[in-house]
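Spelled out from the first residue to the last, the chains are:
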Amino acid sequence: MSALFDLKIPIFWDEGQPEINYKSFKFSVSGLVGNSHTYYTDELYNLSKDKISARLTSVTRWSVRLEWEGISGINFLKIAEPLPEALYVKFVSYGEKYFTVVPLDALKASHSLIATRANGEALPVEYGGPVRALFPQLWGYKSAKSIVKAEFVKDYCKGYWESRGYSDSADIQKTKIYDINTKTTKFHTGGEVEW
Ligand SMILES: Nc1nc2c(c(=O)[nH]1)N[C@H]1C(S)=C(S)[C@@H](COP(=O)(O)O)O[C@H]1N2
Ligand SMILES: [Mo]
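Residues numbered from 1 in each chain as written. Chains lettered and ligands numbered in written order. Predicted model: local features only at pLDDT ≥ 70, side-chain atom pairs only at ≥ 80, totals over all residues. Heavy atoms only, no water.

### What about the layout of surface pockets?
1) Next: Considering only enclosed or pocket space, the largest pocket measures out at about 370 Å³ in volume.
2) Next: Lining the largest pocket are 22 residues, with Phe12, Tyr98, Gly140, Tyr141 and Trp161 sitting closest to its centre.
3) Next: Across the lining of the largest pocket, the residue classes tally to 13 nonpolar, five polar and four charged. (1 Å grid on protein atoms, 1.4 Å probe; cavity = no way out; pocket = protein on both sides within 12 Å on 5 of 7 lines; lining within 4 Å. Points joined across faces, edges and corners; volume = space filled by probe spheres on them. Nonpolar A, V, L, I, M, F, W, Y, C, P; charged D, E, K, R; others polar.)

### A closer look at the packing of aromatic side chains
Centre distance and the angle of the planes are the two values used to describe a pair of aromatic rings.
1) Next: Taken as a whole and judged by the stated rule, the model has 12 aromatic pairs.
2) Next: Ring centres of phenylalanine 5 and tyrosine 127 lie 5.2 Å apart, and the angle between their planes is 55°; this geometry places the pair in the tilted category. One end of the pair, phenylalanine 5, is in helix H1 (residues 3-6); the other, tyrosine 127, is in the loop between strand E8 (121-122) and strand E9 (132-134), and 122 residues separate them in sequence.
3) Next: Of the residues examined, tyrosine 127 reaches a relative accessible area of 5% and is grouped as buried.
4) Next: Feature note: the residues Tyr98, Tyr141, Tyr160, Trp161 and Tyr166 constitute an aromatic cluster, connected by ring pairs.
5) Next: Lysine 90 extends its terminal NZ or CZ atom over the ring of phenylalanine 99, reaching a point 4.8 Å from the ring centre.
6) Next: A cation over a ring is seen here: arginine 164 above tyrosine 160, with NZ or CZ 3.7 Å from the ring centre. (Phe/Tyr/Trp six-rings, centres within 6.5 Å; stacked < 30°, edge-to-face > 60°. Helix = DSSP H or I, 4+ residues; strand = E, 2+ residues; numbered from the N terminus. Buried < 20%, exposed > 50% of the residue type's maximum accessible area, 1.4 Å probe, protein only. Lys NZ or Arg CZ within 6 Å of the ring centre and 35° of its normal.)

Structure, rendered in structure tokens:
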């Protein structure tokens, strides 16, 4: 039924998986922006016109390539209209226990996405629906799931995993990584995952 479940991609909800009503779900863009706005799921899905083939790679050493759809980081910045003082974006997950902060530059990277669909289906809650962040060039903990808030800020602050010892930059390191698509382990050379 669901390609994502069939692939057996690990489901990480360290704070506990929430129950989310997609119809009443809201995602707000706030802080140092010209266009603060709260979006309902329907609006987000209507804005989701960008398609990207990219990997989600976990610091726990697995990676999966999916065909994602959503709003590209670049288009998201066009919609939000960040002010010159805005240097970071804080993504907050549903329930507001999990969050992470990325530099604006991460959103300008070609494969970053405010993602609503993967492999042709709306993201289920398990995989961060109705809308999640996706930063293929960074360890997966920057790809916050079921995001309710994108707050543009001036200063960095440590998120959920960063304050538990994971790196602030989340640059993918040279290491062996298990590829969920091919079920093989590969040596990955770091940076954006191309394979
Ligand atoms: N809200 C929330 N988002 C999260 C996490 C989490 O525990 N809670 N885990 C992160 C980590 S460490 C990874 S690797 C990916 C995993 O995404 P998946 O559960 O869709 O496979 O989600 C990230 N986003
Ligand atoms: Mo992860």
